[in-house]
Amino acid sequence: MRALLLCLALPAEAEITIFPAPEGGERELVLYSSLDSPLARPLVEAFQASRPDVAVRYEDLLAGEIAARVMEETDKGAPTADLVFSSAMDVTVKLANDGYAREADVPGAAAWPDWAAWRNMVFALTFEPGVIVYHRPSFPDGPPDTRAALIDWLATAPKGQVGTYDIARSAVGYLYLMRDLEHFADLWPLVRAMGRAGVQTFPTSQAVIDGVNSGELKLGYNVLGSYAADQAARLPDVGLVLPRDYVVVISRVALVPRAAASPDLGEAFLEFLMSRDGQTVLAERLRLPAVSLEVRGKDSAAAMQEALGAKLRPVAVSPGLLAYLDGASRARVLAQWNAALEGGE
């Protein structure tokens, strides 16, 4: 089956991929997702293997654009996506909290980890640690693997050769930073050390990884582990390490919007994502570590919990995430971030 790629000039600049129903049929599932459409293909096709009568309209959007689309369409009384699958945990929980989601009747919900679901509406589906990515030839004895060791390395690091997220442009980077604030008392000294070392900031994990692979960057901090693991498996100069002091874990989350045109299809895809088969596809084909404890691969939540125990700090799917969206709080954090990078206190 070949997908028909349509690049349409929608307000949110979505890239739309149509996956026709393998056996024909008039029903269409609409997905709004922040996962790049080429990466999502195995997931969609695995779902269609069990539902060959369903076509899938896959709209690839930035995480913030997904929420805006759902709210705009719902408020206009128009139908919206049947399922949202987003890397923006906080924004997606806010959608549910503000009444834009419906409860999902999914058989696996009762057995889902408590931290990974909220009100039977929002479900965490991946288990993605923040990692340190490094240029292997530059660290023959291994990179710094704690935040304290990173501060020490930065004191003599070559200028301009450490990278991290631009937290003003990256929702994932901002979320990692906010969790660091809760777990690491010396976070601002670390940020100041990065500033003195001429840190480069980027809107995506891929940009940091590309810099490390080329040797332009020696090290990247708080990079999304799922992307880093995929790249490190293919690029000999890219290495990654889980910090030994603690590991922040974020998740991609899903919900069925209240205004979904076909909520039953949204629930069907969500049920697949939470099933052993769906979680296995996420873990093995997409290299996105699975939440389900039934999946036991080396990069699964189960494997990381066995190896790291209490050092893992998963971000719970809960209204607590909404505090990160408070405008005044965000402005203060961004001001502190900019001042620290510039060498201020």
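Preceding this paragraph is the structure being described.
Residues numbered from 1 in each chain as written. Predicted model: local features only at pLDDT ≥ 70, side-chain atom pairs only at ≥ 80, totals over all residues. Heavy atoms only, no water.

Draft legend 1. Inspection of the pairing of strand 10 (residues 162-165) at higher detail. Judged from the two bridges that link them, strand 10 and strand 12 (residues 219-224) form a sheet pairing that is parallel. The residue of strand 12 that forms the bridge with Gly 163 is Gly 220. Here three bridges tie strand 10 to strand 11 (residues 200-202), and the two strands are oriented parallel to one another. Of the residues in strand 11, the one forming a bridge with Tyr 165 is Phe 202. (Pairing = 2+ DSSP bridges. Helix = DSSP H or I, 4+ residues; strand = E, 2+ residues; numbered from the N terminus.)

Draft legend 2. Inspection of the packing of helix 9 (residues 263-274) against helix 10 (residues 276-284) at higher detail. Where helix 9 contacts helix 10, the axes come no closer than 4 Å and their chain directions differ by 70 degrees. Taken together, the axis directions place helix 9 and helix 10 in an arrangement best described as roughly perpendicular. On helix 10, the residues touching Phe 272, Leu 273 and Met 274 of helix 9 are Arg 276, Asp 277, Gly 278, Gln 279 and Leu 282. Looking at the contact of helix 9 with helix 10, its residues break down into four nonpolar, two polar and two charged. (Axes fitted to C-alpha atoms, helices over the stretch in contact; angles between N-to-C directions. Parallel < 35°, antiparallel > 145°, perpendicular 65-115°, else oblique. Contact = heavy atoms within 4.5 Å. Nonpolar A, V, L, I, M, F, W, Y, C, P; charged D, E, K, R; others polar.)

Draft legend 3. The arrangement of unusual backbone geometry in detail. Unusually for a residue other than glycine, Arg 119 sits at a positive phi of about 55 degrees. Assessed through its relative accessible area of 55%, Arg 119 is described here as exposed. Phi is positive for Arg 287, which is not a glycine, with a value near 60 degrees. Judged by relative accessible area, Arg 287 falls into the partly exposed class, the value being 36%. (Buried < 20%, exposed > 50% of the residue type's maximum accessible area, 1.4 Å probe, protein only.)

So yeah, pure geometry; function would need other evidence.
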